[in-house]
Amino acid sequence: MTDRGEDILQQRLAKLERIRERGIDPYPSRYCKTHTTQQAMALLDKDPDADNLTVSVAGRIIAKRGMGKITFLHIADSSGKLQALLKKNLLGEDKYAFFKDFDIGDFIGIDGRLFKTNTGETTVEASEITMLTKSLQPLPEKWHGLTDVEKRYRQRYLDLISNDDAQKIFKIRSKVITEMRRLLDERDFIEVSTPILNPTAGGASAKPFITHHNTLDRQLYLRIATELHLKRLIIGGLDRVYEIGPIFRNEGISTKHNPEFTSIESYEAYADYNDVMVNVENMISSIAQKVLGTTKTTYNDEVIDFAAPWKRIDLRQSLIEYGGIDVEDYLDTEGLRQKMRDLHIDVDNRMGRGNLIDKLLSTYVEPNLIQPTFLMDYPLEMSPLAKKKPDDPRFVERFEAFAGGMEIANAFTELNDPQDQRERFAQQLAMRQAGDEEAEMPDEDFLTALEYGMPPTGGLGVGIDRLVMLLTGQPSIREVILFPQLKSK
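Our subject in this report is the structure included herewith. None of the values given here were measured: they were computed from a predicted structure.

Rules used in this analysis
Residues numbered from 1 in each chain as written. Predicted model: local features only at pLDDT ≥ 70, side-chain atom pairs only at ≥ 80, totals over all residues. Heavy atoms only, no water. Helix = DSSP H or I, 4+ residues; strand = E, 2+ residues; numbered from the N terminus. Expected span 1.5 Å × (residues − 1). Buried < 20%, exposed > 50% of the residue type's maximum accessible area, 1.4 Å probe, protein only. Arc of directions from axis to C-beta. Polar contact = N/O pair within 3.5 Å; in protein donor to acceptor, adjacent residues only side chain to side chain. Salt bridge = Lys/Arg side-chain N within 4 Å of Asp/Glu carboxyl O. Pairing = 2+ DSSP bridges. Axes fitted to C-alpha atoms, helices over the stretch in contact; angles between N-to-C directions. Contact = heavy atoms within 4.5 Å. Lys, Arg positive; Asp, Glu negative; His and termini not counted. Parallel < 35°, antiparallel > 145°, perpendicular 65-115°, else oblique. Left-handed = near helix turned anticlockwise from the far one by under 90°. Nonpolar A, V, L, I, M, F, W, Y, C, P; charged D, E, K, R; others polar.

Considerations on helix 13 (residues 418-433)
Over its 16 residues, helix 13 runs 22 Å from end to end, which matches the ideal 22 Å to within 8%, given 1.5 Å per residue. Along helix 13, the residues that are buried comprise Asp420, Gln421, Arg424, Phe425 and Gln428. Seen from one end, helix 13 has its buried residues packed into an arc of 135 degrees, which puts them on one side. Along helix 13, the residues that are exposed and aim more than 90 degrees away from the buried face are Gln419 and Gln433. By the N-cap criterion, in which a side-chain oxygen at the helix start approaches the backbone nitrogen of a residue two or three places on, helix 13 is capped by aspartate 417, the distance to glutamine 419 being 3.0 Å. Once helix 13 ends, the next one or two residues include glycine 435, with phi positive near 115 degrees.

Here's what the structure looks like:
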């Protein structure tokens with residue numbers, strides 16, 4: 001006994017064969033449309049009394065209902081949907097009968113006259129219909145939308161077909177990136193591309209993905225950041241650079257983490273982290289205003305306002321306020337580790353002092369940072385690429401930006417002292433050898449580049465996926481990535 005899906009497939013294959021028997025190609029190469037569905041609707045709205053406006057529109061059939069000698073249907077394209085009316089006396093008996101082999105899910109082209117029905121709905125009265133693509137699989141049940149979350153992620157095409165909200169999210173994502181580019185381009189930043197495959201995985205503390213290049217017979221890493229290459233360009237005299245692209249980190253999967261994500265990193269010569277802070281709050285508030293029409297969004301039932309200026313708080317003081325712990329009371333790693341165990345925080349012996357402090361932040365501070373906030377001045381151990389504070393070298397000029405209880409940006413006044421950088425890489429190497437897989441990998445070529453001189457520089461990384469989560473009110477990063485990583489079926 002066949003299941004319903006197999007029965008439908010066989011029925012549609014039979015219809016496909018009948019279409020071909022008519023000498024009609026069910027998969028033609030092109031169709032000359034004159035308007036999108038929304039342009040067609042706007043055309044009639046502009047001149048509602050016109051009775052001779054003709055269009056050629058195309059899209060997927062998403063609904064149809066036959067009533068003897070007439071059939072109403074809706075077609076959808078990326079701009080929206082439009083009603084069409086098919087009349088037997090206008091198309092002719094043969095063409096009207098031909099339409100019986102069309103199904104919901106098929107792509108068709110319609111030539112005809114625009115008019116409004118008695119209910120005021122813009123409709124195209126078909127004088128010609130063209131099969132453009134025969135769909136062999138049925139769309140999600142009765143067009144009520146695809147509600148199986150796992151299936152929505154695995155078969156994103158069905159999600160986009162069925163759920164208008166899904167299309168809206170990814171259109172907003174595109175606009176966010178476009179606006180981000182525009183704002184940086186207006187400030188004379190140059191967009192560049194840097195390698196994805198690298199001999200070392202530097203620029204961040206993260207476990208990399210490893211691959212092998214056969215011709216070179218060498219191990220390579222998927223990049224975990226673009227930082228070290230972009231700073232090479234600052235050294236080379238490109239004073240303002242940025243890159244938007246994928247980053248790969250071999251880490252867990254959660255509502256906030258995907259092993260492949262999209263970031264923007266920018267570097268500006270003769271700037272420090274204070275300058276970058278101002279740029280971040282202005283850029284993101286401007287993006288929100290442009291994309292949403294307001295600086296406010298709702299996330300997890302909280303109204304978040306991205307309007308500048310954002311709150312600025314000190315990291316050490318935030319841990320005292322929210323966690324009741326002063327990290328300066330625990331300068332040795334083992335002492336801090338034991339204190340955290342006393343607080344029933346899960347830690348292991350491979351975690352260095354920087355990782356332990358980061359764990360404290362995620363436990364006590366991060367969940368409280370709902371409104372956009374800059375968390376400033378990180379301990380030296382957490383930031384091997386950032387410049388020390390002149391008045392207190394135990395800390396560095398670094399901030400992370402938070403909103404909705406999660407990190408969305410990270411920035412430094414970049415370390416440009418090659419000797420200091422070499423010492424910090426050596427410390428990171430010792431941590432890797434002790435078992436910390438996320439410690440920085442030394443990059444000898446970058447150290448050589450730094451010895452040629454890098455001007456004072458402010459660097460920034462923004463997680464685009466998380467920013468889009470906030471702007472669209474989505475609780476999971478999988479909702480804003482078209483094809484997220486998933487477990488095997």
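Regarding the pattern of salt bridges
Tallied over the entire structure, the rule returns 41 salt bridges. Arginine 422 serves as the salt-bridge partner of glutamate 444, at 3.0 Å between the closest nitrogen and oxygen. With glutamate 444 in helix 14 (residues 444-451) and arginine 422 in helix 13, this residue pair connects regions lying 22 residues apart in the sequence. Several salt bridges share partner residues, and in doing so they unite Arg12, Lys15, Asp103, Asp106 and Lys134 into one network.

Some words on the pairing of strand 5 (residues 122-133)
Sheet topology note: the strand 3 (residues 80-87)/strand 5 ladder contains three bridges and is parallel. By the bridge assignment for strand 5, alanine 84 is matched with valine 124. Examined bridge by bridge, strand 4 (residues 107-116) and strand 5 share ten bridges and lie antiparallel to one another. For isoleucine 108, the partnering residue across the bridge sits in strand 5 and is methionine 131. Between strand 4 and the antiparallel strand that follows it, strand 5, lie five residues; glycine 120 among them carries a positive phi value of about 85 degrees.

Focus: the sheet that holds strand 4
As summarised here, the arrangement of the five strands in space is 1-2-3-5-4, forming a closed barrel in which the pairing is mixed. Mean inter-strand twist for the sheet, computed between neighbouring axes without regard to direction, equals 55 degrees. Judged from the seven bridges that link them, strand 1 (residues 54-67) and strand 2 (residues 70-77) form a sheet pairing that is antiparallel. Within strand 2, the residue paired with glycine 66 across the bridge is threonine 71. Across the sheet, helix 2 (residues 37-46) touches strand 1, strand 2, strand 3, strand 4 and strand 5, and the angle it forms with strand 3 is around 75 degrees.

Observations concerning the side chain of glutamate 265
Mapping glutamate 265 onto the fold places it in strand 11 (residues 260-269). Buried within the structure, glutamate 265 lacks any salt-bridge partner; its nearest side chain of opposite charge belongs to arginine 249, at an N-O separation of 5.7 Å. Reaching out from glutamate 265, the side chain makes a polar contact with the backbone nitrogen of threonine 226 at a distance of 3.0 Å. Polar side-chain contacts of glutamate 265 include one of 3.3 Å to the backbone nitrogen of glutamate 227.

Some thoughts on the sheet that holds strand 9 (residues 218-222)
On the basis of which strands lie adjacent, the open sheet formed by three strands has the order 7-9-8 and antiparallel pairing. Sheet topology places strand 7 (197-198) and strand 8 (210-213) at the edges, where each strand pairs with a single neighbour. In this sheet, strand 9 lies alongside strand 8 in antiparallel orientation, the contact comprising four bridges. Within the sheet, the bridge partner assigned to histidine 212 lies in strand 9 and is glutamine 219.

A few points about unusual backbone geometry
That bond from alanine 308 to proline 309 is cis: its omega, 0 degrees, falls within 30 degrees of zero. With respect to the element layout, proline 309 can be found in the loop between strand 13 (302-305) and strand 14 (311-314). Although it is not a glycine, histidine 344 adopts a positive phi angle of roughly 65 degrees. Within the element layout of this structure, histidine 344 appears in the loop between helix 11 (333-342) and helix 12 (353-365).

Topic: the packing of helix 10 (residues 315-323) against helix 12
How two helices sit against one another is set out by the angle between their axes and by the gap between those axes. Relative to each other, helix 10 and helix 12 sit at 50 degrees, their axes nearing to 9 Å. The orientation of helix 10 relative to helix 12 falls into the category oblique. Regarding helix 10 and helix 12, the two cross each other, and that crossing is left-handed. Within the contact between the two elements, helix 10 uses Leu315, Ser318, Leu319, Tyr322 and Gly323 and helix 12 uses Ile357, Leu360, Leu361, Tyr364 and Val365. Among the residues forming the contact of helix 10 with helix 12, the class breakdown is eight nonpolar, two polar and no charged.

Section: the packing of helix 11 against helix 12
Two numbers describe how helix 11 lies on helix 12: the axes approach to 9 Å, and their chain directions differ by 25 degrees. If you check the angle between helix 11 and helix 12, you find them roughly parallel. Read as a crossing pair, helix 11 and helix 12 show a hand that is left-handed. Residues Thr333, Leu336, Arg337 and Met340 of helix 11 form the contact with helix 12, whose participating residues are Arg353, Leu356, Ile357, Lys359 and Leu360. Taken together, the residues of the contact of helix 11 with helix 12 break down into five nonpolar, one polar and three charged.

Structural measurements only, silent on function.
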